[in-house]
Structure formats: structure tokens, C-alpha cells
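Here is what each chain is made of, one letter per residue.
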Amino acid sequence: MPQVLADLERAVESGGSYTTEFRIPLREGGMRWIAAIGRVETDVGGRSRRVIGLTLDISARQEAEIALAEAKAVAEAARAEAERANRAKTDFLAAMSHDIVPNGHTKSIGLIVVDKDTFFI
């Protein structure tokens, strides 16, 4: 809460607005994320008269942001693994092509791929 109070104090001193987010513990356990948004109204002399604002429960948004960050981490790990597998495949094919073309002589090599679901005898 010190950051929340500091944000509000700055707004009161400058006659400006504030936006801050913080967590509050619940009696039954768990936490809630709260966003506080407000502005300070001043009188003609520039002195702070009152603060007008609202608080919003943004727990669902925070949970969604956490889930998104976790999903991005999983996707990044999957991408890295796919790149590693692709490099391994490339290395294997390079080694294999070298092995089946002995002494630098070129030979014709054919590859037939048959889809068992569409090929009939």
C-alpha cells in the first residue's frame, strides 16, 4: 500500500490525477487485484479540494494476463523445440546424403511417398 498512498499524495500535491494497481488479501484467503483511478479537484487558489475516483476489481484481467504470459512461455518452448528438431533433421539429411553418394560421385536417388489411404492396388 505504500505505493498507492505515494501515488495519491503526488496527485494531491500537484492537483493532478492518479492511476494505481494493488493487491488486497481476502479474509477467506486469496487475493484481489484492485485498480484505483482518480483526479484531484482544486479551488481557484490551486489548493486541493477533493479527490474524485473509483476503484475496480481487476482480478480477472490480472489472471488472464498471467495465463497469457504462461501460454506465451509454453509456445516459446515449443517453438525452440521445433527449431531444434528441424536442425537435427537438417543435420541428419546432410549426413545421409553424404553417405549415399560415395566418393563424391553423383548417383540418381528417387524417393516415393505413398499415402496408404489413397493408394489402392
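Look a little higher up for the structure.
This section reports on the structure supplied with the text. (Residues numbered from 1 in each chain as written. Predicted model: local features only at pLDDT ≥ 70, side-chain atom pairs only at ≥ 80, totals over all residues. Heavy atoms only, no water.)

**Here we look at the pairing of strand E3 (residues 48-57)**
Alignment of strand E2 (residues 31-42) against E3, held across nine bridges, turns out to be antiparallel. Following the sheet pairing, Arg 39 is matched in E3 by Ile 52. Here E2 folds back onto E3 in antiparallel fashion, the turn holding five residues, of which Gly 46 has a positive phi close to 85°. (Pairing = 2+ DSSP bridges. Helix = DSSP H or I, 4+ residues; strand = E, 2+ residues; numbered from the N terminus.)

**Quick notes on the sheet that holds E2**
Ordered by their spatial adjacency, three strands build an open sheet running E1-E2-E3, and the pairing between neighbours is antiparallel. Either end of the sheet is taken by a strand with one partner, and the two such strands are strand E1 (17-25) and E3. Going across the sheet, the axis of each strand differs from the next one's by a mean of 25°, ignoring polarity. In the sheet, E1 pairs with E2 via nine bridges, with the strands oriented antiparallel. Among the inter-strand pairings, Tyr 18 is bridged to a residue of E2, identified as Gly 38. Packing against the sheet, helix H1 (residues 2-14) makes contact with E1, E2 and E3, and its axis sits at approximately 160° to E1. (Axes fitted to C-alpha atoms, helices over the stretch in contact; angles between N-to-C directions. Contact = heavy atoms within 4.5 Å.)

**Here's the deal with H1**
An ideal rise of 1.5 Å per residue puts 18 Å on 13 residues; H1 measures up with 18 Å between its terminal C-alpha atoms. Among all positions of H1, only Val 4, Asp 7 and Ala 11 are buried. Looking straight down H1, one finds its buried side chains confined to an arc of 65°; they lie on one side. Among the exposed residues of H1, those oriented more than 90 degrees off its buried face are Pro 2, Leu 5 and Glu 13. Buried residues in H1 make contact with E1 and E2. Two residues or fewer after H1 comes Gly 15, characterised by a positive phi angle close to 70°. (Expected span 1.5 Å × (residues − 1). Buried < 20%, exposed > 50% of the residue type's maximum accessible area, 1.4 Å probe, protein only. Arc of directions from axis to C-beta.)

**A closer look at the pattern of salt bridges**
On inspection of all chains with the given rule, the structure shows 10 salt bridges. The salt bridge partner of Arg 79 is Glu 83, with a shortest N-O separation of 2.3 Å. Of this pair, Arg 79 and Glu 83 both sit in helix H2 (residues 59-100), four residues apart, which is roughly one turn of the helix. Exposure remark for Arg 79: the relative accessible area of 37% places this residue in the partly exposed category. Via salt bridges that share partners, Glu 21, Arg 61 and Glu 65 belong to a single interconnected network. (Salt bridge = Lys/Arg side-chain N within 4 Å of Asp/Glu carboxyl O.)

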